[in-house]
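One-letter residues, chain by chain:
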Amino acid sequence: MDAKRLAIVVGASSGIGAETARILAGQYEVLLVARRADRLRALADEIGGEFVAADVTSAEDMRRLGEIVRERGRGPGLVVYSAGVMRPSPVHRTGVEDWDHVLSVNLRGAFLLARELIPVLEPGSRIVLVSSVAADKGQPNLSAYAASKAGLERFAESLAAELEPKGVAVHVVAPGPTATPLLDLPGTSPFQLEAVRVAEVVDWLSRLPTDVVIKKITLRAPVKGPFAREGHDR
Ligand SMILES: NC(=O)c1ccc[n+]([C@@H]2O[C@H](COP(=O)([O-])OP(=O)(O)OC[C@H]3O[C@@H](n4cnc5c(N)ncnc54)[C@H](OP(=O)(O)O)[C@@H]3O)[C@@H](O)[C@H]2O)c1
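These numbers come from a predicted model, not from an experiment.

How each quantity is defined
Residues numbered from 1 in each chain as written. Predicted model: local features only at pLDDT ≥ 70, side-chain atom pairs only at ≥ 80, totals over all residues. Heavy atoms only, no water. Helix = DSSP H or I, 4+ residues; strand = E, 2+ residues; numbered from the N terminus. 1 Å grid on protein atoms, 1.4 Å probe; cavity = no way out; pocket = protein on both sides within 12 Å on 5 of 7 lines; lining within 4 Å. Points joined across faces, edges and corners; volume = space filled by probe spheres on them. Nonpolar A, V, L, I, M, F, W, Y, C, P; charged D, E, K, R; others polar. Buried < 20%, exposed > 50% of the residue type's maximum accessible area, 1.4 Å probe, protein only. Pairing = 2+ DSSP bridges. Right-handed = clockwise from strand over helix to strand, strands pointing away. Core = buried A, V, L, I, M, F, W, Y, C linked by side-chain atoms within 4.5 Å. Contact = heavy atoms within 4.5 Å.

*Asks:* What am I meant to see in unusual backbone geometry here?
*Replies:* Most peptide bonds take the trans configuration, and most residues that are not glycine carry a negative phi. In this model, Arg87 sits at a positive phi of 45°, which is unusual for a non-glycine residue. In this structure, Arg87 sits in the loop between strand S4 (78–81) and helix H4 (96–117). Even without being glycine, Asn141 reaches a positive phi, approximately 75°. Following the sequence through the fold, Asn141 ends up in the loop between strand S5 (126–130) and helix H5 (143–163).

In structure tokens, the structure reads:
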């Protein structure tokens, strides 16, 4: 039997990334990435994976991650980028540091990671970028977040145009509001997806042949009625 291929899950210490790592562990050797080493260690022990504590906003950390992957000899079969932060606030009260941080984690980090890993991606491998329904529609208090996710989706299109001819698939998965620590805020809608639903979609994508082009999958949160939706879309 073939050895399991490597899946790298970035943002694996919590929420959607952690559920995705759990579900992928049956099919792949999983390498968990995020900043909180204690949480990564606990999950790695649970699912039998490995971890690298790294900050996606650091070009140096992403270079180190690239080196660790190159040393393994074979590139990953799957890369999932699920690192993200939100920091909601109206534009006039958004600090420059907060704006830069949201753009840096949600968008720049995906670029830093991709530029390190692309050289080791073989035909038949794939990248999944976790976006949000906020990419499609600007909303109050979410200017930085919505801009970062819209940027991530345009970045994904460019990445796909460069990588599909090399046999590497690129997908965007855009969930609606999902019950994770990111949404642990006052006033959020009680109608939320379970993180495992998003993980199941990533798992499903990972089983398709890479010549099947699925640019984007959107997951709607449950609604209680057609006109009764509360809160914002994340
Ligand atoms: N929850 C929602 O309603 C929702 C809806 C649509 C899309 N999304 C997207 O889904 C993705 C996962 O979010 P989640 O809901 O699962 O939130 P979460 O539970 O807060 O998880 C966020 C993950 O991002 C990691 N992260 C944050 N900053 C990082 C950094 N500088 N370097 C490395 N990792 C970093 C965190 O790890 P560390 O803190 O340990 O670094 C954590 O693992 C995000 O891209 C989010 O925008 C979420």
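*Asks:* I keep staring at empty space enclosed by the protein and nothing clicks. Help me out?
*Replies:* Rolled over the atoms, a probe with the dimensions of a water molecule shows which regions are left empty. In the structure shown here, the tally under the stated rule is 2 cavities of 30 Å³ or more. Of the volumes computed, that of the largest cavity is approximately 60 Å³. Sorting the residues of the lining of the largest cavity by element identifies S4, H4, S5 and H5 as the ones contributing at least two each. It is H4 that provides the largest number of residues to the lining of the largest cavity, a total of 4 residues. In this structure, the second largest cavity is lined by Met86, Arg87, Pro88, Ser89, Thr94, Asp98, Asn141, Leu142, Ser143, Ala144 and Tyr145. When residues of the lining of the second largest cavity are assigned to their parent elements, the largest contribution, 3 residues, is made by H5. Of the residues in the lining of the second largest cavity, the class split is 5 nonpolar, 4 polar and 2 charged.

*Asks:* Any chance you could explain the pairing of strand S2 (residues 29–34) here in plain terms?
*Replies:* Here is the key point about a regular strand: its side chains alternate between the two faces of the sheet. The buried count for S2 comes to 5 of 6 residues, which makes it a mostly enclosed element. For strand S1 (residues 6–10) and S2, the ladder comprises 5 bridges, and the chain directions are parallel. Within the sheet, the bridge partner assigned to Val9 lies in S2 and is Leu32. Handedness of the β-α-β unit built from S1, helix H1 (residues 15–24) and S2 comes out right-handed. Bridge count between S2 and strand S3 (residues 50–53): 4 bridges; the pairing is parallel. Across the sheet, residue Leu31 finds its bridge partner in S3, namely Glu50.

*Asks:* So what exactly am I meant to see when it comes to the nonpolar core here?
*Replies:* A general trend in soluble globular proteins is that nonpolar side chains are found buried together. Core analysis: the largest hydrophobic core is formed by 37 residues, its most contacted members being Ile8, Val10, Leu65, Tyr81, Leu113, Leu129 and Leu159. Counting residues per element, the ones that place at least two in this core are S1, S2, helix H3 (59–71), S4, H4, S5, H5 and strand S6 (169–175). Of all the elements, H4 adds the most residues to this core, at 8 residues. The contact partners of Val10, leaving out residues within four places of it in the chain, are Val33, Val56, Val80, Tyr81, Ser82, Ala83 and Leu113.

*Asks:* Help me understand the layout of surface pockets, please; the structure alone is not making it clear to me.
*Replies:* Space inside the largest pocket adds up to approximately 760 Å³. Lining the largest pocket are 38 residues, and of these Ser82, Ala83, Gly84, Val85 and Leu182 sit closest to its centre. Of all the secondary-structure elements, those providing two or more residues to the lining of the largest pocket are H1, S2, H4 and H5. At 3 residues, H1 tops the list of elements feeding residues into the lining of the largest pocket. Taken together, the residues of the lining of the largest pocket sort by class into 18 nonpolar, 14 polar and 6 charged.

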